[in-house]
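Observations on the three-dimensional arrangement
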Amino acid sequence: MLGGTTEAGLLARALADAGLRTVYSYAGRTAAPVAQPVPVRVGGFGGVAGLQAYLRDQRISHVVDATHPFAAQMSRNAVAACAALGLPLIGYERSGWVAGPGDDWRAVPDIAAAVAALPDRAARVFLAIGRQHLAAFAARPQHSYLLRLVDCPESLPLPQAQVVVARGPFTTEADLALLRAQAITHIVAKNAGGTGARAKLDAARLLGLPVILIDRPALPQRQVAGSVAEVMRWLGHSADLGV
Ligand code: 3Y8
Ligand code: NAP
């Protein structure tokens, strides 16, 4: 299984309880990823060819892609590698967030559009999009940025930035306190869906703050499941697993 999300952790627990032989794959983006109740491997595979070689050499019979909705390259590689090998693949994905009463969300297609959506006048922006895409915001140096990162960065591409090192899942009350303490005026976030990252959106609604919400990248066509039970049923249908 391709992991790195809260849902992947839930699935790993179910697979361990069912006694199914599993390996949980992390990209190695963070210094110390959360431990899992099944064997773990860390690091890229080396593109589609590397993934194909891994799946073949490890005699993997089924692939579950439980990566984050923004991990589009990994998902594309999994579709290509499994198609080439004729291996069964399922995507375990969570639905995106939908604005409710009181939400002041501005949907944008990508990171560049999120930068463009910021006001000209200096603002205090909570950039809750992690570390990999911060450089794009250097085009708007007039804002003060609050960054929440999993690991402490060596350097930052933004002149006015303050870092909070924290690994989710986050709570509404903690995010409310953070937004208030930092007098945040705008939030930038990815439409990750799920529960681990949604606290800041609920806190934003309570404070009446605007959220610039980045849409998910498009993924290739594949079978998908929306729950652990659905993935386990999908696995259970294969006779060779004998579950
Ligand atoms: C390495 C594994 C668990 C999984 C926890 C979920 C919830 C907390 C919310 C905010 C948003 C953000 C970021 C975020 C969340 C969960 C989940 C989720 C967002 C870990 C993890 C890995 C990563 C990689 C990391 C990215 C970054 C993104 C921070 C582990 C903790 C912003 C995405 O420094 C870096 O390079 C970080 C990179 C990819 C996005 C980015 O582009 O920077 N996640 N996050 C995975 C690997 O190596 O394969 O370290 O334990 C997993 C989780 N992150 O089991 O509890 O499931 O969504 N992760 C976003 O959603 O916007 C934080 O601050 O409000
Ligand atoms: P990405 O851009 O889709 O993938 C880039 C490359 O990273 C992939 O081609 C692959 O390298 C490697 N990779 C990604 N996920 C991997 C995994 N689970 N196991 C092994 N290699 C992996 O990925 P990303 O957006 O950087 O996400 C990386 C990890 O962080 C994933 O586990 C994802 O679930 C987790 N995560 C991401 C976000 C986010 O906002 N992007 C949020 C929360 C968690 P090779 O081509 O060399 O195989």
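Structure: see above.
Sequence order sets the numbering: in each chain, residues are counted from 1 along the sequence as written. Note on labels: chains are lettered from A, ligands numbered from 1, in written order. The predicted nature of this model means local features are confined to residues of pLDDT at least 70 and side-chain atom pairs, given and counted, to a pLDDT of 80 or more, with totals for whole chains, interfaces and linings taken over all residues. The basis for the side-chain values is all heavy atoms of the structure; hydrogens and waters are excluded.

1. Regarding the packing of aromatic side chains
Just so we agree on the cut-off: Ring geometry is summarised as follows: Phe, Tyr and Trp rings, the Trp one being its six-membered ring, pair when their centres sit within 6.5 Å, and such pairs are stacked at plane angles under 30 degrees, edge-to-face over 60 and tilted between the two. Per-residue accessibility, obtained with a 1.4 Å probe over protein chains only, is compared with the maximum for each type, and a residue is labelled buried under 20%, exposed over 50%, and partly exposed between these values.
Following the criterion strictly, the structure yields 3 aromatic pairs and no others. Between the aromatic rings of Tyr-24 and Tyr-26, the centroid separation amounts to 4.7 Å while the plane-to-plane angle is 50 degrees, which identifies the pairing as tilted. An identical accessibility class is assigned to Tyr-24 and Tyr-26; each is buried. A centroid spacing of 6.1 Å and a plane angle of 70 degrees characterise the contact between Phe-137 and Tyr-145, whose relative ring orientation is edge-to-face. Given a relative accessible area of 0%, Phe-137 falls into the buried group.

2. Considerations on the sheet that holds strand 4 (residues 89–92)
Inclusion rule: Criterion used throughout: strands pair if DSSP finds at least two bridges between them. Secondary structure is summarised from DSSP: a helix means a run of H or I of at least four residues, a strand means a run of E of at least two, and numbering begins at the N terminus for each. We call two residues in contact when some of their heavy atoms are within 4.5 Å. Axis angles are defined between N-to-C directions and span 0 to 180 degrees, where every axis is a line fitted to C-alpha atoms and, for a helix, only to the segment in contact.
With parallel pairing, 3 strands are arranged side by side in an open sheet as 3-4-11. The two strands at the open ends of the sheet, each matched to only one other strand, are strand 3 (63–65) and strand 11 (224–225). Where strand 4 and strand 11 come together, 2 bridges link them in parallel fashion. In the sheet register, Gly-91 faces strand 11, and the bridge partner there is Val-224. Each of strand 3, strand 4 and strand 11 touches helix 7 (residues 228–236); the most contacted strand, strand 4, lies at about 175 degrees to it.

3. Examining the site of ligand 1
Spelled out, the test is: One heavy atom within 4 Å of a molecule or strand is enough for the residue carrying it to be called near that molecule or strand. Two N or O atoms form a polar contact when they lie within 3.5 Å of each other; inside protein one atom must be a possible hydrogen donor and the other a possible acceptor, and for residues adjacent in sequence the pair counts only when both atoms belong to side chains. Here the Shrake-Rupley method, with its probe set to 1.4 Å, supplies the accessible areas, and only the displayed protein chains count as covering residues. In this count, Pro and Cys sit with the nonpolar residues alongside Ala, Val, Leu, Ile, Met, Phe, Trp and Tyr, while Asp, Glu, Lys and Arg are called charged and the others, Gly among them, polar.
Around ligand 1 sit 29 residues in total, of which Thr-6, Ala-27, Thr-30, Arg-131 and Arg-167 are the nearest. Between ligand 1 and Arg-148 there is a distance of 2.8 Å, counted from an oxygen atom to a side-chain nitrogen or oxygen. Relative to its free-state accessible area of 1100 Å², ligand 1 is covered by the protein chains to the extent of 93%. Split by residue class, the shell around ligand 1 holds 11 nonpolar, 11 polar and 7 charged.

Purely geometric stuff here, so don't read any function into it on its own.
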